[in-house]
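If you want the building blocks of each chain, they are given just below.
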Amino acid sequence: MTVSLFLCVLCSKQGNITIEEIFRLPFEVWGKELNSLWDQGEVGKCQICALALCVINDNELRETYLTSRETSIRHAIDDVSKACGLNRGRSTIKEDMDTLIGTYLTKTNGLYTTIHNKVFDFLVYYCSTKILDCLIQHAKLSFIQERFLWNYLPGDLDSDKEGEDFNESGISGITPLHAACYTEDIDTLHILLNHDACVDTRMFDGSTPLLVASFVNNRGGVKILLNKSAHINIGFYHSQTTKDGIKKMFHSITDEQEAKFWNPLMNYFPSFCIGQVKQMVIKVIDVIGKATPLHVTCLRMAMDITKDLLDRNPDINIPKEDGSTSLCVECELGCTDIAKLL
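Below is a summary of the structure that appears in this document. (Residues numbered from 1 in each chain as written. Predicted model: local features only at pLDDT ≥ 70, side-chain atom pairs only at ≥ 80, totals over all residues. Heavy atoms only, no water.)

What to know about the sheet that holds strand β1 (residues 61–62)
And then number 1: Here we have 3 strands laid out as an open sheet, ordered β1-β3-β2, and antiparallel in their pairing. Looking along the sheet, the strands with just one partner apiece sit at the ends: β1 and β2 (105–108).
And then number 2: Two strands pair when backbone bridges link them, and β2 and strand β3 (residues 111–114) are joined in this way by 4 bridges, in the antiparallel orientation. Residue pairing across strands places K107 opposite Y112, the latter belonging to β3.
And then number 3: Sitting on the sheet, helix α4 (residues 42–56) touches β1, β2 and β3, and the angle it makes with β3 is about 95°. (Pairing = 2+ DSSP bridges. Helix = DSSP H or I, 4+ residues; strand = E, 2+ residues; numbered from the N terminus. Contact = heavy atoms within 4.5 Å. Axes fitted to C-alpha atoms, helices over the stretch in contact; angles between N-to-C directions.)

See below:
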């Protein structure tokens, strides 16, 4: 179904919306529609809460998520409920979800998704105006990577706010410092470090800010972190630990969904070695298992950052999970220049 046809069909279901309004000001119209739902008291807020949970799960919310006793998941549900003006510990989330099937959501084999990708776009926009803090703290990493543009407001981060926790992370373990390294936001990186952000905090896969900066070829970030005494030999976790972390975040995940999760990493490998690394994208976890920042820059064949790391005397003989050292990686990829440095 095309977007235009979909909106026409949806317009017929939502009698108080005109087709002219939808095409002229789609986000504003849907904002009013969702505000109207919000204003319907507890019932409406329960439905908004259900839609918000779909958003933080990046439009793939499994039914089992709603009844999970996992502490991090219950914390996320409680925070979203509170942000929507509801009591924590609600037990009717699934029922709230089911009331939206056919209007906003579909449900197939226990998986809730929006009835169209454009509806998800509307919901993301709406939730960003209502529960932004919950999105930052609890949304899936894939959602944050695709939907967020990180920046800072002058006079905001650089002001000393009492009780501000610059190391707080969500379910994936991503901290503001990880995010600043990923987006190559050097100004924010400086501000966070000036507020004593921890340079060695690890995400669900074991990645530190230095690993993140190395992976995205953020040389400025690498240099700053090294000057702040970031631990140069901390690598990714063992692949099984990472897989367990993914299951904890998503509660249940298929091989296809796991491959989709790791696909964005392929963008950071040189084009001629993608085929080798991507022979089975599902095995990318095994490729980076226990890899240190030096392994990462060697995999990316990033000469300048590799030199920066070598200047700090890392342990060049640490093996990845598959037993390969950084030198083995470069020999396998045929990168003689970095192999000579090693």
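Still more ground to cover, so stick around.
Topic: the nonpolar core
And then number 1: If you look at the biggest cluster of nonpolar residues, it comprises 77 residues, and the most contacted ones within it are L53, Y65, V80, M97 and L225.
And then number 2: The element that contributes the greatest number of residues to this core is α4, accounting for 10 residues.
And then number 3: The contact partners of V80, leaving out residues within four places of it in the chain, are C49, A52, L53, I56, I131 and C134. (Core = buried A, V, L, I, M, F, W, Y, C linked by side-chain atoms within 4.5 Å. Buried < 20%, exposed > 50% of the residue type's maximum accessible area, 1.4 Å probe, protein only.)

Regarding the packing of helix α14 (residues 219–227) against helix α20 (residues 303–310)
And then number 1: It is at 10 Å that the axes of α14 and α20 come closest, and there the two elements cross at 5°. Between α14 and α20, the interaxial angle falls into the category roughly parallel. When α14 is examined against α20, the residues R219, V222, K223 and L226 are found in contact with a partner set consisting of D304, I305, D308 and L309. (Parallel < 35°, antiparallel > 145°, perpendicular 65-115°, else oblique.)

Describing the packing of aromatic side chains
And then number 1: Within this structure, the stated rule accounts for 2 aromatic pairs.
And then number 2: A centroid spacing of 6.5 Å and a plane angle of 80° characterise the contact between F120 and F143, whose relative ring orientation is edge-to-face. One end of the pair, F120, is in helix α8 (residues 117–130); the other, F143, is in helix α10 (residues 141–147), with 23 residues separating them in the sequence. Taken as a pair, F120 and F143 share a single burial class, namely buried.
And then number 3: Each ring, one from F215 and one from F236, has its centre 6.4 Å from the other, and the planes form 80°; the classification is edge-to-face. Of the two residues, F215 sits in helix α13 (residues 209–215) while F236 sits in the loop between α14 and α15 (239–250), which places them 21 residues apart along the sequence. (Phe/Tyr/Trp six-rings, centres within 6.5 Å; stacked < 30°, edge-to-face > 60°.)

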